[in-house]
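What follows is each chain in one-letter form.
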Amino acid sequence: MNQVQKTPIALFIYNRPHHARSALESLSHCHRLDECQLFIFCDGAKTPDQEEKVAAARQVVRPLADELNAHIIERSQNFGLSRSVIEGVGMLCHQYGRAIVVEDDLVLHPSFLDYMLNALERYKDSPRVAQISAYMFPVKHPPKPDAFFLPLTTTWGWATWQRVWEKICWDTASPAEDLASPLFCKSFDLEGAYPFSTILQDRLEGRNDSWGILFWYNIFKSGQLVLYPRTSLTWLGGLDRSGTHFSAAQDYNPAALDQSLNKPRDKIINQPFGSPFSFPESVEANEAAFNRVLRYLRAQQTGAARSQISNQARRFYSLWRNNSAVSLWTRIKRKFFSWLDCQIRQNRQPPVWQAIIAPTARIEPEASIENIAGGKERVVIGEHSIVRGRLLTYGHGGKIRIGDWCYIGVRSEVWSMESIEIGNRVLISHDVNIHDGSAHSLDAVERHHHFRQIVEKGHPRNKAELPGITSAPIIIEDDVWISFGVTILKGVRIGRGSVIAAGSIVTRDVPPYTLYRCEVKPVLQPIREANE
């Protein structure tokens, strides 16, 4: 019988002996460690004055590594964390197909590996799952479920697979193009919850060496998800100014930062969170949990915002002293209206988890996207398209795909419970209704039951709960023009280049390059005669 291949754990250490010891000791207490193979990557000293600390960290690691039967990779030169992670994780994923990643400033819950191993096995063939996170922000979530999916990556105790890692592009050309779009930056920053675009810009310009921001960029672009526990299984010990990203050179309060990112260490490590874990059945973002995380992230920006306002005030005072009042007022007005215009443009972007939207597409203020079905890939909007109407998917399903250079007019409604495909260069005027399903049953009892379920429990998530409701895909091919007031019903295909006249009801296929007009014959009758 072949021996079952173990799952590799990559532990990265540098020059912090105390943290390295804590990380290894907590790892040694993890359940199911015998099912894993530990690899310890020891980076070389960056400068001569770091050599003593690097040597001290290795002295701590060696005896503990022997006890854990670990492989030690000691670098003779300094790789830096970014290169160490990219190459180290890449090597293990290539050899084992997966990897669990831990840095030396983490302290792990005893159930850390049990959670990781179960999740890695459960979602190994799920293409939408990019990463398993063991960290959770200090946000209070309900007792169930134990874990859920969020459209956000992590760097504090995580795992991934070769199928994900091999597709990550570490090149900085694509991010540079995307950062030029305010709409992209708004979405990438999770509607202003966290300044990811600023961190990415700093990465491109060499002001940081973060692998994590490039990883997040790739996952964001692909629309994949990350599994998170409802409460953290890792405690961050590197907030004490000893690390690269939280260093002594930075201006912050270690105690305040620890409180904002961690629950108390003992509360994390000793919390009762054992097997079996309850994992989500379907791979969909948990919108309620994500909103709680976003509220937390926005709250953390308050202090930074106050500091920025203070800096701006000092700048204006300096300008006042060195410029005339009229010149200063002109500059202030110019900057204010430039800022206001940027805010208006950026706020046209709907929530990032609702749809995959091309960077050049425009979602106008009067538009709305209600992706009740969940999964941003269910609503796709192509390059240079403009949406001013309403896009909606039902709770039990539905897909809307809009091509390039399309227009959706004001008050137009596109509702899908099956599939609506809109090609390229399609113009849809105002007050158009496109529905690929019958919203309610013809049976009064079933109709009432469906309505009550929506009111009391929300939209049904299963078609089996919707007796009497039928649906069929709608396909609108390239270069179609749909005039105002048109209604298009389920199962219809409108051929390329066709025109649908105003007020028409489309219930049958329309051949390519055809003018479709559905006329209603008017009845004209004098009022006096009608009353007799």
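Conventions we followed
- Every chain is numbered on its own, with residues counted from 1 as its sequence reads.
- Only residues with pLDDT of at least 70 are given local features in this predicted model, and only at 80 or more are side-chain atom pairs given and counted; all residues enter the totals for whole chains, interfaces and linings.
- Each side-chain value is derived from all of the structure's non-hydrogen atoms; neither hydrogens nor water enter the calculation.
- By salt bridge we mean one thing: a side-chain nitrogen of Lys or Arg within 4 Å of a carboxyl oxygen of Asp or Glu.
- Strands are runs of DSSP state E lasting at least 2 residues, helices are runs of H or I lasting at least 4, and numbering of each runs from the N terminus.
- When a residue's accessible area, from a 1.4 Å probe over protein chains only, is under 20% of the maximum for its type it is buried; when over 50% it is exposed; and in between it is partly exposed.
- When DSSP finds two or more bridges between a pair of strands, those strands are recorded as paired.
- Expected span, for any helix, means 1.5 Å times one less than how many residues it has.
- For this analysis, a polar contact is any N or O atom pair within 3.5 Å, provided that within protein one partner can donate a hydrogen and the other can accept it, and provided that sequence-adjacent residues contribute only side-chain to side-chain pairs.
- Two rings from Phe, Tyr or Trp (for Trp, the six-membered ring) form a pair when their centres are within 6.5 Å of each other. A pair whose planes differ by under 30 degrees is stacked, one over 60 is edge-to-face, and the rest are tilted.
- Regarding the arc, it is the one traced by the directions from the helix axis to the C-beta atoms.
- Pairs of residues are marked as contacts when any of their non-hydrogen atoms sit within 4.5 Å.
- A fitted line through C-alpha atoms represents every axis, and for helices the fit uses only the stretch in contact; the resulting angles, taken between N-to-C directions, go from 0 to 180 degrees.
- Residues belong to a common nonpolar core when they are buried Ala, Val, Leu, Ile, Met, Phe, Trp, Tyr or Cys residues joined through side-chain atoms within 4.5 Å.
- Put simply, angles under 35 degrees are roughly parallel, angles over 145 are roughly antiparallel, angles from 65 to 115 are roughly perpendicular, and the rest are oblique.
- Left-handed is the label given to a crossing in which the near helix is rotated counterclockwise from the far helix by less than a right angle, and right-handed is the label when the rotation is clockwise.

A complete count under the given rule lists 27 salt bridges for this structure. Between Arg-122 and Glu-281 there is a salt bridge whose closest N-O contact spans 3.4 Å. Remark: Glu-281 occurs in the loop between helix H11 (265–269) and helix H12 (287–322) and Arg-122 occurs in helix H4 (residues 112–122); sequence separation between them is 159 residues. For Arg-122, a relative accessible area of 40% translates into the label partly exposed. With its nearest N and O atoms 2.8 Å apart, the salt bridge here joins Arg-493 to Glu-477. Remark: Glu-477 occurs in the loop between strand E23 (474–476) and strand E24 (481–482) and Arg-493 occurs in strand E26 (residues 493–494); sequence separation between them is 16 residues. You can call Glu-477 partly exposed: its relative accessible area is 22%.

Taken together, the 7 strands give an open sheet; going across it, the order is E12-E15-E18-E21-E24-E27-E29, and neighbouring strands pair in parallel fashion. Edge positions in the sheet fall to strand E12 (362–363) and strand E29 (515–516), since each of these pairs with one other strand and no more.

What follows covers helix H9 (residues 211–222). In this model, H9 (12 residues) spans 17 Å end to end at C-alpha, consistent with the 16 Å of a helix rising 1.5 Å per residue. Buried residues dominate H9, accounting for 10 of its 12 residues. All of the buried residues in H9 are Trp-211, Gly-212, Ile-213, Leu-214, Phe-215, Trp-216, Tyr-217, Asn-218, Ile-219 and Phe-220. Where H9 starts, the residue carrying a side-chain oxygen 3.2 Å from the main-chain nitrogen of Gly-212 turns out to be Ser-210. At the exit of H9 stands Gly-223, carrying a positive phi of roughly 70°.

Below, the discussion takes up the packing of aromatic side chains. Considering all chains together, one arrives at 28 aromatic pairs under this definition. Note on Tyr-115 and Phe-279: the rings are 6.0 Å apart at their centroids and 35° apart in plane angle, and the pair reads as tilted. With Tyr-115 in helix H4 and Phe-279 in the loop between H11 and H12, the pair connects residues that are 164 residues apart, well separated along the chain. Neither residue differs from the other here; Tyr-115 and Phe-279 are each classed as buried. Chaining the aromatic ring pairs together yields one cluster made of Phe-184, Phe-188, Tyr-194, Phe-196, Trp-216, Tyr-217 and Phe-220.

Our next topic: helix H8 (residues 196–204). By the burial criterion, the buried members of H8 are Phe-196, Ser-197, Leu-200 and Arg-203. Seen from one end, H8 has its buried residues packed into an arc of 115°, which puts them on one side. Buried residues along H8 sit against helix H3 (80–96), helix H6 (173–178), helix H7 (182–188) and H9. Note on H8: the residue one or two positions beyond its end, Gly-206, has a positive phi of about 80°.

What holds strands together in a sheet is hydrogen bonding between their backbones, with the strands either parallel or antiparallel. Pairing within the open sheet is mixed, and its 8 strands lie in the order E3-E2-E1-E4-E8-E6-E9-E7. Strands at the two margins of the open sheet, each flanked by one partner only, are strand E3 (71–74) and strand E7 (147–150). Within the sheet, the average angular offset between the axes of one strand and its neighbour, ignoring direction, is 25°. Looking at chain direction, strand E6 (residues 129–133) and strand E8 (residues 158–161) are connected through 2 bridges and run antiparallel. Its bridge partner being in E8, Ile-132 is matched across the sheet by Ala-159.

Moving on to the nonpolar core. Ranked by size, the top nonpolar core spans 93 residues in total, and within it Ile-40, Tyr-115 and Ile-132 carry the most contacts. In this structure, Tyr-115 is in contact with Ile-132, Ser-133, Ala-134, Ala-147, Leu-227, Tyr-228, Pro-229, Leu-233, Phe-277 and Phe-279, ignoring residues within four places of it in sequence. Formed by 34 residues, the second largest nonpolar core is a distinct cluster that contains Ala-358, Ala-361, Cys-406 and Val-492.

Within the secondary structure, His-18 sits in helix H1 (residues 17–28). Residues His-18 and Asp-105, 87 residues apart in the sequence, show an inter-C-alpha distance of 8.9 Å.

At a minimum axis distance of 8 Å, the contact between H1 and helix H2 (residues 51–67) shows a crossing angle of 20°. The angle between the axes of H1 and H2 places the two elements in the roughly parallel class. Crossing of H1 over H2 shows right-handed handedness. Of the residues in H2, those touching H1 at Pro-17, Ala-20, Arg-21 and Leu-24 are Lys-53, Ala-56, Ala-57, Val-60, Val-61 and Leu-64.

A few words on the packing of H8 against H9. Where H8 contacts H9, the two axes come as close as 9 Å, and the packing angle between them is 120°. Judged by the angle between their axes, H8 and H9 are oblique. Helix-helix and strand crossings are classified by hand; for H8 and H9 the assignment is left-handed. The residues of H9 that touch H8, namely those facing Phe-196, Ile-199, Leu-200 and Arg-203, are Ile-213, Leu-214, Trp-216 and Tyr-217.

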